[in-house]
Amino acid sequence: MQSTVEIPTTFQSKDAEEFGYQQLSRSAVVGAVLAALSILSFWFAPLLFLAVCGLIFGIYGSRNISRYPDELTGKAIALGAVLLSGLMLIIAPVHHAYVYATEVPEGYQRISFSELKSPLGAPEIPPKNAYAYDEQKVFLKGYVHLASCASSRVKNFILVPDLGTCCFGTQPPLTHMIEVTLTGDQTIEPSLRKLRLAGTLFVERQLKPLSSVDGVYYQLRVDQIR
């Protein structure tokens, strides 16, 4: 007589506990990583989108873990991502708003490169409205054009409006450059950080030749580095 072996189709609860496995939620991990990176938005406001993404992944991960508690783990990680992302979405905008409201020294007016650039397709000369700032005390932000620096500490350099222009050593458009001179004993170390400068702007009618670039129309004599 042929014997048969019965194969159980289910595990007893004790066996399930012994061999069960919970996977760490990927959404929770991704949310935590994005939340940690969002701390950089305290210095670079555009990176706030990382906090938004961290918040979304954290919430999604937390919900999945609650829905499948026997299969997924990482609830604390998901909640940490939600809390940190939410915190950065609150304190980073407040910080940047405070800086914006207090960064311009008394007696100076805020301007931007958009007011100094020639219109797209127009000749590379200062627009008419730029001459209104000639010999005026202004405050503006920009980046060091690294190709204009000959040493590790400089008093003279070229200021450009964005990182794409400053980092690759290319020739920027003529109205996208300002020759900066630091007064007194002020110097800077060339870097990729944004500079906030207050000083007197001079707008030339003729292109001033320089050795490091084709020339400039704008010069800024800096009194303060903020």
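Scoring rules and cut-offs
Residues numbered from 1 in each chain as written. Predicted model: local features only at pLDDT ≥ 70, side-chain atom pairs only at ≥ 80, totals over all residues. Heavy atoms only, no water. Patch = residues over 30% accessible without salt bridge, like charges linked within 9 Å, V, L, I, M, F, W, Y side chains within 5 Å. Areas by Shrake-Rupley, 256 points an atom, 1.4 Å probe, with all protein chains shown as cover. Salt bridge = Lys/Arg side-chain N within 4 Å of Asp/Glu carboxyl O. Helix = DSSP H or I, 4+ residues; strand = E, 2+ residues; numbered from the N terminus. Buried < 20%, exposed > 50% of the residue type's maximum accessible area, 1.4 Å probe, protein only. Expected span 1.5 Å × (residues − 1). Contact = heavy atoms within 4.5 Å. 1 Å grid on protein atoms, 1.4 Å probe; cavity = no way out; pocket = protein on both sides within 12 Å on 5 of 7 lines; lining within 4 Å. Points joined across faces, edges and corners; volume = space filled by probe spheres on them. Nonpolar A, V, L, I, M, F, W, Y, C, P; charged D, E, K, R; others polar.

Caption draft 1: How the structure looks around a nonpolar patch on the surface. A cluster of nonpolar residues, Leu-24, Val-29, Val-33, Leu-37, Ile-39, Leu-40, Trp-43, Phe-44 and Ile-77, forms a patch on the protein surface that exposes about 790 Å² of accessible area. Take the nonpolar patch: its biggest share by element is three residues, from helix H2 (residues 26-37). Mapped onto the elements, Ile-77 comes out in helix H4 (residues 75-102).

Caption draft 2: Just the pattern of salt bridges, in detail. Overall, the coordinates contain six salt bridges when judged by the stated rule. For the salt bridge of Arg-196 with Glu-103, the shortest nitrogen-to-oxygen distance reads 3.2 Å. Remark: Glu-103 occurs in the loop between H4 and strand E3 (109-110) and Arg-196 occurs in strand E7 (residues 195-208); sequence separation between them is 93 residues. According to the relative accessible area criterion, Glu-103 is buried, its value standing at 2%. A salt bridge links Asp-223 to Lys-137, with the shortest nitrogen-to-oxygen separation between them at 3.8 Å. In this pair, Asp-223 is assigned in strand E8 (residues 216-225) and Lys-137 in strand E4 (residues 136-144), connecting sequence segments 86 residues apart. Relative accessible area serves as the criterion here: at 31%, Asp-223 is assigned to the partly exposed category. For Lys-137, a relative accessible area of 41% corresponds to the partly exposed category. Through salt bridges with shared partners, a single network forms among Glu-103, Arg-110, Lys-141 and Arg-196.

Caption draft 3: Structural detail: helix H3 (residues 48-67). For H3, spanning 20 residues, the distance from its first C-alpha to its last is 29 Å, which sits close to the expected 28 Å at 1.5 Å a residue. Residues Leu-48, Leu-50, Ala-51, Gly-54, Gly-58, Gly-61, Ser-62, Asn-64 and Ile-65 constitute the buried set of H3. Turning to H3, the residues buried within the fold contact H2, strand E2 (72-73) and H4.

Caption draft 4: How the structure looks around the layout of surface pockets. Its boundaries defined by the atoms lining it, the largest pocket holds a volume of some 530 Å³. Every residue lining the largest pocket is counted, 16 residues in all, and those nearest its centre are Trp-43, Phe-44, His-96, Lys-194 and Arg-196. Sorting the residues of the lining of the largest pocket by element identifies H4 and E4 as the ones contributing at least two each. If one sorts the elements of the lining of the largest pocket by residue count, H4 sits on top with four residues. Roughly 170 Å³ of internal volume is contained in the second largest pocket. Along the lines of polarity and charge, the residues of the lining of the second largest pocket split into six nonpolar, one polar and three charged.

Caption draft 5: Highlighting the side chain of Thr-200. By the element assignment, Thr-200 lies in strand E7. With sequence-adjacent residues up to four places away left out, Thr-200 is seen in contact with Glu-135, Gln-136, Lys-137, Gln-219, Leu-220, Arg-221 and Asp-223.

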